[in-house]
Amino acid sequence: SRRYAMAVVDLSGIEPAKPGEAGEDPCIACPLPVLDHLAAALKAASATKLAGLAEVLRAALPDVVWSQNQGYVKQGLNTDFINGYAYAALSTPEGPIRRVAPLSGFILLAPGIHYPPHHHAPREVYLPMTCASLQLDSGDWFDVRPGQIICHDSWQVHATRPLDEPFLAFVAWLDAADRNSIKWA
């Protein structure tokens, strides 16, 4: 079995962003249709070994800002995808936890949404909280379960699609980068 090193990060010296300072994404005020699936995703995650993480996220929801990468809209991704995905940033240069790296947060995909094959310079880690199917490079799709750690190397092509339920995952870019640096494969 493979073992992973675990790092404990001291967050005591981190100053949260002040109200109105955290990234002024123009879509933050927009209603995001995928959020209609958030309750179902949290319910599914609560029935897994990551129930504690789901409860922490549920308790933090009044303070969590869900948004979208505006580069996706500008790049002309289809409306179904745009309506079926959102992310909630935790650590970014703008906040709420100010860090250049890792960039981290949660991603939510509605059932039936295919996050297209893409790649980027930062190495990435997914911690799925619900089930999904992933594809690495041009390989076969494979199912992942809550709690499995998925690592993508720099520039490794990867894609995601939920199974029967919404896909909710904690995601982190381990290296500094602009989230607009994503390239479609």
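Just so we're clear, the structure is a prediction, and the values are computed from it rather than from any experiment.

Relative to the helices and strands, Asn-69 is located in the loop between β1 (66–67) and α3 (70–74). Within the local environment of Asn-69, its side chain forms a polar contact with the backbone nitrogen of Gly-71, the two atoms lying 2.8 Å apart. Among residues more than four places away in sequence, those in contact with Asn-69 are Tyr-85, Tyr-87, Arg-179, Asn-180 and Ile-182.

We now examine the confidence of the model for the protein chain. Confidence along the protein chain averages 83 in pLDDT terms, with 84% of residues attaining 70 or more. Considering each helix and strand of the protein chain separately, the mean pLDDT is smallest for α3, with a value of 80, and largest for helix α1 (residues 38–46), with 97. Contacts of residues 1–29 to residues separated by more than four positions or lying in other chains number 30 contacts, the stretch itself having pLDDT below 50.

So, on to unusual backbone geometry. Cis geometry marks the peptide bond from Ala-101 to Pro-102, where omega comes out at 0°. Take Pro-102: it is sitting in the loop between β3 (97–98) and β4 (103–109). Located in the positive-phi region is Asp-137, a residue other than glycine, with phi close to 55°. For Asp-137, the position within the fold is in the loop between β7 (132–136) and β8 (142–144). The residue Trp-155 is not glycine, and still its phi comes out positive at about 65°. Along the polypeptide, Trp-155 turns up in the loop between β9 (150–152) and β10 (158–162).

Before going further, it helps to examine the environment of Thr-92. Here Thr-92 shows up in strand β2 (residues 85–92). Put simply, Thr-92 and Ala-177 are 85 residues apart on the chain and 9.9 Å apart in space, counted from C-alpha to C-alpha. Other than its neighbours up to four places away in sequence, Thr-92 contacts Ile-97, Arg-98, Arg-99 and Leu-103.

Calculation criteria
Residues numbered from 1 in each chain as written. Predicted model: local features only at pLDDT ≥ 70, side-chain atom pairs only at ≥ 80, totals over all residues. Heavy atoms only, no water. Helix = DSSP H or I, 4+ residues; strand = E, 2+ residues; numbered from the N terminus. Polar contact = N/O pair within 3.5 Å; in protein donor to acceptor, adjacent residues only side chain to side chain. Contact = heavy atoms within 4.5 Å. pLDDT = per-residue confidence, 0-100.

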